[in-house]
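Close look at the chain arrangement
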Amino acid sequence: PPDQWPEAVAMQQLKKRNPNMKTLLYEATQFGPLGWGSMELNSKPEWWLKDDNGKVYYRMIDGKPHGPNSFDWRIPEVRDWWVNQSFIFEEATFDGLLVDSAGATSLHLDQVNHTMSVEHQKDLDLAKMYMLGNASARWSTHNGVVAGNPLFEYGEIGSPSQAAQQLFPLEYHWGYMTGALDEMYAGFGTLNRDGSFNITKMAASIEGIMNMSRQGHTVLVRGYPGPCSTPFQSVSSDIGSTPTWPNNSQPNTSQGLKLASTELLDLALAPFLLVAEPNVWFSYAWFYGFNTGWVTCPSAPETCIAPDNWYPEFDRPLGKPLGPAVRNGTVYTRQFEHASVYVDLKDRTASKITWNKKHRD
């Protein structure tokens, strides 16, 4: 039964500890839910995405095809199947969907070995938006959210290029989804190779999140310790892999990673506080496995990289914002009742939170 599947069991365990917790089921647009979605895709060649010459778009790994890359959302049966998958868990009371590859797919299609006209690319993306709109409509009857990642460039909310903005402006997606994930906020794609902010992309993310929250959309913001990007390093069998920093300068032990998480929190938290609102949420970890920073492990401290004492800053009273973030050139500032926030896009390491004396310790 669906309520006994691993995803549902994990969700029920979390909600037992905190009934107010909101949980979203992961579903990718191109293959559906993890696990059984790919099996369904592989079994239905009539649903595979093909170019204008009937050539299948395959998922390429090391130059070799590894199964079909995606469903073709222009097929009504595909859209219906995809939407219905999220509701096989209905009795397990998830609170919505976290949708991967929710942005403009045509921007990432292989146009070297394939041919698809611009009109067909736009039809393909519009069909995907219809699918997500149907999912949003169904989840809204359960007070659920459908949060898309990305709503433009890979992992980011901001607009990556003039071409993308002309074909698929950010507002285009807002009519079909009720939320978004900025998976690379102040990290990965918003950074230059040397670990500094890409000013254009970071500013676009900041402005995009503020605009989305003003529209009433839920926004999930992923923060990282330090200038995290690819490639990944293997830490241990318990922890798995974590992102690296430029010049491989990141720690590579559990204790070193814990210390960096503590010392560098403000560099991730300050940019978040620029956009913080009741419908904007923050997370902070090295990657996605539980042991990469999401939970502490006091009984086996070498098996995870969350600081043993967690983060005291999360319990400090921030108070109400005294207004939105203010931009002056590359500098953003924001005032709260009990703290001041400063971020300079020219100097990632200058980001800081100054707490009122009463709340510093």
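The paragraphs below set out a description of the structure included in this document. No experiment lies behind these values; they were computed from the predicted model shown.

For the structure shown, the criterion picks out 1 disulfide. Each disulfide pairs two cysteine sulfurs, and for C297 the partner residue is C304, the sulfurs being separated by 2.1 Å. With the S-S dihedral at roughly -90°, the linkage between C297 and C304 falls on the left-handed side. Both residues of the pair, C297 and C304, count as buried.

Once that is clear, we can look at the sheet that holds strand β8 (residues 218–223). Here 7 strands make up an open sheet; going across it, the order is β2-β1-β5-β6-β7-β8-β11 and the pairing mixed. Strand pairing shows two members of the sheet lacking a second neighbour, β2 (32–33) and β11 (280–284), which therefore form its edges. Across 4 bridges, the pairing between strand β1 (residues 25–28) and strand β5 (residues 96–100) is parallel. Among the inter-strand pairings, L25 is bridged to a residue of β5, identified as L97.

Below, the discussion takes up helix α2 (residues 36–43). Side chains of residues three or four places apart in an α-helix project in the same direction, reflecting 3.6 residues per turn. Turning to α2, its buried residues are W36, G37 and L41. With its buried residues spanning 145° around the axis, α2 presents them on a single face.

To continue, consider the environment of S241. On the secondary structure map, S241 appears in strand β10 (residues 240–244). Those residues within four positions of S241 in sequence are excluded, and the remaining contacts are F232, Q233, S234, F287 and T292.

One can describe the packing of helix α7 (residues 199–214) onto helix α9 (residues 265–275) by two numbers: an axis separation of 8 Å at closest approach and a directional angle of 45°. Considering their axes alone, α7 and α9 lie oblique with respect to each other. Taken together, the residues of α9 that come into contact with α7 (itself represented by M202, I206, I209 and M210) are P271, L274 and V275. Among the residues forming the contact of α7 with α9, the class breakdown is 7 nonpolar, no polar and no charged.

One way to put it is that helix α3 (residues 76–85) packs onto helix α4 (residues 118–140) with a least axis distance of 10 Å and a crossing angle of 35°. Between α3 and α4 the crossing geometry is right-handed. Seen from α3, the contacting residues are R79, W82, V83 and N84; seen from α4, they are A127, Y130, M131, L132, N134, A135 and R138. Class assignment for the residues of the contact of α3 with α4 results in 7 nonpolar, 2 polar and 2 charged.

In space, the 4 strands of this open sheet follow the order β12-β13-β14-β15, with antiparallel pairing throughout. One side of each edge strand has no neighbouring strand; the edge strands of this open sheet are β12 (326–328) and β15 (347–355). With direction set aside, neighbouring strand axes in the sheet form an average angle of 15°. The sheet contact formed by strand β14 (residues 339–344) and β15 spans 5 bridges and is antiparallel. The residue of β15 that forms the bridge with S340 is T354. Those strands touched by α9 are β13 (331–335), β14 and β15, and its axis lies near 75° from that of β15.

Okay, helix α8 (residues 254–263) next. Among the residues of α8, S254, G256, L257, K258, A260 and S261 are the ones counted as buried. Contacts from the buried residues of α8 go to β9 (229–236), α9 and β11.

We now examine the packing of aromatic side chains. Taken as a whole and judged by the stated rule, the model has 17 aromatic pairs. Aromatic pair F71 and W81: ring centres 5.2 Å apart, planes at 55°, arrangement tilted. Of this pair, F71 sits in the loop between β4 (64–68) and α3 while W81 sits in helix α3, and the two are 10 residues apart along the sequence. F71 sits in the buried class, given a relative accessible area of 0%. Aromatic rings pair up to connect F272, F282, Y284, W310, Y311 and F314 into one cluster. Positioned above the aromatic ring of Y288 is the side chain of R222, whose terminal nitrogen or guanidinium carbon lies 4.9 Å from the ring centre. Sitting above the plane of the Y342 ring, K352 keeps its charged end 5.7 Å from the centroid.

Criteria and thresholds
- Residues numbered from 1 in each chain as written.
- Predicted model: local features only at pLDDT ≥ 70, side-chain atom pairs only at ≥ 80, totals over all residues.
- Heavy atoms only, no water.
- Disulfide = S-S within 2.5 Å.
- Buried < 20%, exposed > 50% of the residue type's maximum accessible area, 1.4 Å probe, protein only.
- Pairing = 2+ DSSP bridges.
- Helix = DSSP H or I, 4+ residues; strand = E, 2+ residues; numbered from the N terminus.
- Arc of directions from axis to C-beta.
- Contact = heavy atoms within 4.5 Å.
- Axes fitted to C-alpha atoms, helices over the stretch in contact; angles between N-to-C directions.
- Parallel < 35°, antiparallel > 145°, perpendicular 65-115°, else oblique.
- Nonpolar A, V, L, I, M, F, W, Y, C, P; charged D, E, K, R; others polar.
- Left-handed = near helix turned anticlockwise from the far one by under 90°.
- Phe/Tyr/Trp six-rings, centres within 6.5 Å; stacked < 30°, edge-to-face > 60°.
- Lys NZ or Arg CZ within 6 Å of the ring centre and 35° of its normal.

These figures come from the coordinates and say nothing about function on their own.
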